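What follows is each chain in one-letter form.
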Amino acid sequence: MSENNLENLRKKIVDLASESLKNNDATGWFETVYTDAKGDSSQVPWAKSTTHPYLQDWLEKYPPQTEGKTAIVIGCGLGDDAEVLAKLGFKVTAFDISPTAISWCQQRFPDSEVNYFVGDLFNLDSSLQHSFDFVFECRTIQALPLKMRSDSIEAISSLVAKKGTLIVITRYRDSETEPDGPPWPLWPLSEGELSQFKQLGLEEVRRDIFIEEDKPGMVQLRLQYQRL
Ligand SMILES: C[S@@+](CC[C@H](N)C(=O)[O-])C[C@H]1O[C@@H](n2cnc3c(N)ncnc32)[C@H](O)[C@@H]1O
């Protein structure tokens, strides 16, 4: 995609998200992004149509035990990350608030073993609590307004089983103040926000920092937590 198209898409996201927030609906705009894309993943700005490279790298460096283990993917988008975990042998559940995203996953992967469902992180069935050996969260929290971050971290943490692993991939900001510049949904997570995982009983066991050549000002983290 050209720089120009990318900039237009980025502006569209900021406008949609800001409008959504004005209407007191911080998550409604995701469905609009997926429906407007009309099956063209290049119109979904976060879609990579392949496993997220930081997940792929982690799976290769630290191959998890998958036999008889359960995994869940938060805000699974177009399903690539859920699929790789299922191929490795996890029994995978994956959900997204966008019905269009979920039916897109089902069309892309008709023979999938993944249990996809439309679901809201803030309203999940209580039977899912502490049920997953592996929880994968990639860029969902950072797409939510600051006032929803704490609840989202709590909801994600509650899914991790005893001794389970949580992987979080997120953009990172090194300040607790509200960032300047473009409005939400482009605000990275802060150390204070991340510290809530620890308060919720998850120990940070590994942190990797990524700065990509073409995005020098953007710090991304891959965090690995474990419930003790
Ligand atoms: C920035 S996208 C990231 C998608 C995917 N995780 C990835 O990294 O490609 C955030 C995703 O979270 C989903 N989402 C946002 N709020 C959600 C919620 N409350 N419950 C479930 N999914 C949500 C959106 O529909 C969207 O697919």
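Note that the structure is a prediction, hence the values are computed from the model and not measured.

Points about the overall build of the protein
Phase 1 of the analysis: The helix and strand tally for the protein stands at seven helices and seven strands.
Phase 2 of the analysis: When the helices and strands of the protein are placed in sequence order, the string is α-α-α-β-α-β-α-β-β-α-β-α-β-β.
Phase 3 of the analysis: For 228 residues, the compact-globule estimate of 2.2 N^0.38 gives 17 Å, and the C-alpha radius of gyration of the protein, at 17 Å, lies within 12% of that figure.
Phase 4 of the analysis: With the C-alpha coordinates of the protein rotated into their principal frame, the extents come out at 45 × 40 × 35 Å.
Phase 5 of the analysis: Residue burial in the protein is summarised as follows: out of 228 residues, 47% are buried.

Observations concerning the state of the cysteines
Where two cysteines share a covalent bond between their sulfur atoms, that bond is called a disulfide.
Phase 1 of the analysis: Taken as a whole and judged by the stated rule, the model has zero disulfides.
Phase 2 of the analysis: This cysteine, C76, is not joined by any disulfide, and C105 carries the nearest cysteine sulfur, 4.3 Å off.
Phase 3 of the analysis: Just so you know, C138 is unpaired, no disulfide at all, and the nearest cysteine sulfur is the one on C76, 12 Å from it.
Phase 4 of the analysis: Using a relative accessible area of 11% as the deciding quantity, one classes C138 as buried.

With respect to the packing of aromatic side chains
Phase 1 of the analysis: On inspection of all chains with the given rule, the structure shows 11 aromatic pairs.
Phase 2 of the analysis: Between the aromatic rings of Y34 and W46, the centroid separation amounts to 5.8 Å while the plane-to-plane angle is 70°, which identifies the pairing as edge-to-face. Of this pair, Y34 sits in helix 2 (residues 28-37) while W46 sits in the loop between helix 2 and helix 3 (53-61), and the two are 12 residues apart along the sequence.
Phase 3 of the analysis: Among the residues examined, Y34 registers a relative accessible area of 3% and is labelled buried.
Phase 4 of the analysis: The partly exposed category is assigned to W46, whose relative accessible area is 24%.
Phase 5 of the analysis: Considering the side-chain rings of F95 and F117, the 5.4 Å spacing of their centres and the 25° angle between planes classify their relative orientation as stacked. Of this pair, F95 sits in strand 2 (residues 91-96) while F117 sits in strand 3 (residues 115-118); the two residues are 22 residues apart in sequence, bridging distant segments of the chain.
Phase 6 of the analysis: Relative accessible area serves as the criterion here: at 1%, F95 is assigned to the buried category.
Phase 7 of the analysis: In this structure F117 comes out as partly exposed when scored by relative accessible area, which is 25%.

Rules used throughout
Residue numbering note: each chain is counted from 1, following its sequence as written. In view of the model being predicted, local features appear only for residues whose pLDDT reaches at least 70, and side-chain atom pairs are presented and counted only at 80 or more, with totals across whole chains, interfaces and linings using the full set of residues. Water and hydrogen atoms play no part in the side-chain values, which are based on all heavy atoms of the structure. Strands are runs of DSSP state E lasting at least two residues, helices are runs of H or I lasting at least four, and both sets are numbered from the N terminus onward. Radius of gyration means the value over C-alpha atoms here, while the globule rule gives 2.2 Å times the residue count to the 0.38 power. Summary of the burial criterion: residues with accessible area below 20% of their type's maximum are buried, those above 50% are exposed, and those between are partly exposed, where the area comes from a 1.4 Å probe applied to protein chains only. When two cysteine sulfur atoms are found within 2.5 Å, that pair is recorded as a disulfide. Any two of the Phe, Tyr and Trp rings considered here, Trp counted by its six-membered ring, make a pair once their centres fall within 6.5 Å; the pair's planes then place it as stacked at under 30 degrees, edge-to-face at over 60, or tilted in between.

Shape descriptors only; they carry no functional weight alone.
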